[in-house]
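Chain by chain, the residues run as shown.
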Amino acid sequence: MAIKERVGLVVSDKMQKTVVVAVENRAPHPKYGKIVVQTRRYKAHDEENTCKVGDRVRIQETRPLSKTKRWQVKEVLNTRATT
């Protein structure tokens with residue numbers, strides 16, 4: 001079975017070595033055809049605490065690391081704009 005990967009936006013980095021990543025899925029509604037946005041939030045392991053809120057990251061499925069954490073940060077694609 002292939003290892004799953006997702007690309008999403010970091011929405012929380014308040015935990016130690018853990019970030020919450022929101023992944024959007026855009027798909028047409030089966031009956032009405034309107035594009036509907038569904039968002040899932042994944043807790044991902046971030047060993048070095050490098051991710052900050054607003055970063056776009058790629059996460060990869062892994063073995064269970066805690067009760068709710070089953071993903072790990074593979075790479076940071078874009079960092080947030082510093083103003």
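The rules behind each value
- Residues numbered from 1 in each chain as written.
- Predicted model: local features only at pLDDT ≥ 70, side-chain atom pairs only at ≥ 80, totals over all residues.
- Heavy atoms only, no water.
- UniProt positions renumbered as here; feature names shortened; annotations may be inferred.
- Helix = DSSP H or I, 4+ residues; strand = E, 2+ residues; numbered from the N terminus.
- Contact = heavy atoms within 4.5 Å.
- Pairing = 2+ DSSP bridges.
- Axes fitted to C-alpha atoms, helices over the stretch in contact; angles between N-to-C directions.

- An unreviewed UniProt entry lists the protein chain under the name Small ribosomal subunit protein uS17, from Atlanticothrix silvestris CENA357.
- The UniProt entry for the protein chain carries the following comment under Subunit (unreviewed entry): "Part of the 30S ribosomal subunit."
- Recorded under Function (unreviewed entry), the UniProt text for the protein chain is reproduced unchanged: "One of the primary rRNA binding proteins, it binds specifically to the 5'-end of 16S ribosomal RNA."

Some thoughts on the environment of V36
Moving on, step 1. Mapped onto the fold, V36 is located in strand β3 (residues 35-45).
Moving on, step 2. Remark: the alpha-carbon pair of V36 and N25, spanning eleven residues in sequence, is separated by 8.1 Å.
Moving on, step 3. Excluding residues that lie within four positions of it along the chain, V36 makes contacts with N25, R26, A27 and H29.

A look at the sheet that holds strand β5 (residues 71-78)
The strands that make up a sheet are held in pairs by hydrogen bonds between backbone atoms, and each pair lies either parallel or antiparallel.
Moving on, step 1. Pairing within the closed barrel is mixed, and its five strands lie in the order β1-β2-β3-β5-β4. The average undirected angle you get between the axes of adjacent strands in this sheet is 45 degrees.
Moving on, step 2. Pairing of strand β1 (residues 5-15) with strand β4 (residues 56-61), which is carried by five bridges, proceeds in the antiparallel orientation. Counterpart to R6 in the pairing with β4 is I59.

Section: the pairing of strand β2 (residues 18-28)
Moving on, step 1. The pairing of β1 with β2 spans four bridges and is classified as antiparallel. Pairing of S12 across the sheet is with V20, part of β2.
Moving on, step 2. The hairpin turn running from β1 into β2, its antiparallel successor, is two residues long, and K17 in that turn takes a positive phi close to 60 degrees.
Moving on, step 3. Sheet analysis places β2 next to β3, joined by eleven bridges and oriented antiparallel. Along β3, the bridge assignment pairs A27 with V36.

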